[in-house]
Amino acid sequence: MTATESDGERLDFWSFVDLAGRRLSEEFGFPHPHATRLLLTLNRASAIVTYDLESTVHRPRGHSWAGFRLLFVTWLAGPLEPGRAATLAGMSRAAVSNLAKTLIADGMMARAPGERDGRSVILSLTERGREAMLEIFAAQNERERQWAGVLTETERQMLIMLLDKLIAGRDQFDVRERS
């Protein structure tokens, strides 16, 4: 190590995870290093896949990952109130409101008065939005196939099962999530 090089500069993600587990357990006495490793790995995997999809599929087409999520749920679930779209997309209502303005201006979405009361609105895709989603999702689905192809069919099913179990287990403690 040079005089200016710190331990942190020599770490990559996996050696950092090992260091974190060791220090948290041995130095600080935290009793659950495997839980920390699991969540660090899960978060890193999610961030890598999300960034890859956004940078290879969505940004080249002028959209963000968040914009795609709103278009995707509206495309598949049909016309939605913004609050329902937020729940399905895992976003805040404010994010949906801001994204909808941009997508409406881009001609991808339409906003119409809702039937419930004078203030409610319904978001839907325009014909341009529906056509774009066919092309966008074809590219995304191919990238998804590439990611999933790293695993065998059995591994894919096992990972889905384990992630489903992890998510279903959230009712065992006070989990805060967007709804």
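Now for a look at the structure at hand. All of these numbers come straight from a predicted model, not from anything done at the bench. (Residues numbered from 1 in each chain as written. Predicted model: local features only at pLDDT ≥ 70, side-chain atom pairs only at ≥ 80, totals over all residues. Heavy atoms only, no water.)

1. What about the overall build of the protein?
Across its full length, the protein holds eight helices and two strands. Along the protein, helices and strands appear, N-terminal first, in the series α-α-α-α-α-α-β-β-α-α. In terms of C-alpha radius of gyration, the protein reaches 21 Å, well past the compact-globule figure of 16 Å for 179 residues. Within the protein, the fraction of its 179 residues that count as buried is 23%. For the protein, contacts bridging at least 24 residues in sequence account for 48% of all contacts bridging at least 6. Carbon and sulfur atoms make up 57% of the accessible area of the protein, which amounts to about 12,400 Å² in all. Charge separation in the protein, taken as the distance between the mean sites of 23 positive and 24 negative side-chain charges, equals 5 Å. (Helix = DSSP H or I, 4+ residues; strand = E, 2+ residues; numbered from the N terminus. Rg over C-alpha atoms; globule rule 2.2 N^0.38 Å. Buried < 20%, exposed > 50% of the residue type's maximum accessible area, 1.4 Å probe, protein only. Contact = heavy atoms within 4.5 Å. Areas by Shrake-Rupley, 256 points an atom, 1.4 Å probe, with all protein chains shown as cover. Lys, Arg positive; Asp, Glu negative; His and termini not counted. Charge placed at Lys NZ, Arg CZ, Asp CG, Glu CD.)

2. Focus on the side chain of His63
As for its placement among the helices and strands, His63 is situated in the loop between α3 (33–58) and α4 (65–77). Discounting chain neighbours no more than four positions away, the residues touching His63 are His58, Leu71, Leu103, Met108 and Ile136.

3. Re helix α7 (residues 127–148)
Its 22 residues give α7 an end-to-end C-alpha distance of 31 Å, which sits within 8% of 32 Å, the value for a rise of 1.5 Å per residue. When we look at burial in α7, the residues that qualify are Gly129, Ala132, Met133, Ile136, Phe137 and Gln140. Looking at the packing, one finds that the buried side of α7 touches α3, α4 and β2 (121–125). (Expected span 1.5 Å × (residues − 1).)

4. Observations regarding the side chain of Glu54
Tracing the sequence through the fold places Glu54 in helix α3. Non-local contacts of Glu54, meaning those with residues more than four positions away in its chain, are made with Arg59, Pro60, Ser64 and Trp65.

5. Let's talk about the packing of aromatic side chains
A full pass over the atoms with the stated rule returns six aromatic pairs. Between the aromatic rings of Phe13 and Trp14, the centroid separation amounts to 4.8 Å while the plane-to-plane angle is 75°, which identifies the pairing as edge-to-face. On the basis of relative accessible area, Phe13 is assigned to the buried category, the value being 15%. On the accessibility criterion, Trp14 (44% relative accessible area) is partly exposed. In textbook terms, an aromatic cluster arises when at least three aromatic residues are bridged by ring pairs, as seen for Trp65, Phe68, Phe72, Trp75 and Phe137. (Phe/Tyr/Trp six-rings, centres within 6.5 Å; stacked < 30°, edge-to-face > 60°.)

6. Focus: the pattern of salt bridges
Overall, the coordinates contain eight salt bridges when judged by the stated rule. Across the salt bridge formed by Arg143 and Asp52, the nearest N and O atoms sit 2.7 Å from each other. In this pair, Arg143 sits in helix α7 while Asp52 sits in helix α3, placing the two residues 91 residues apart along the sequence. According to the relative accessible area criterion, Asp52 is buried, its value standing at 12%. Arg145 is the salt-bridge partner of Glu142, the closest N and O atoms lying 2.5 Å from each other. A residue pair is termed a helical-turn pair when its members lie 3 or 4 positions apart in one helix, as Glu142 and Arg145 do in helix α7 at three residues. (Salt bridge = Lys/Arg side-chain N within 4 Å of Asp/Glu carboxyl O.)

7. Brief notes about the environment of Leu103
Along the chain, Leu103 falls in helix α6 (residues 93–105). Taking the C-alpha atoms as reference points, Leu103 and Phe68, 35 residues apart in sequence, are found 9.9 Å from one another.

Purely geometric stuff here, so don't read any function into it on its own.
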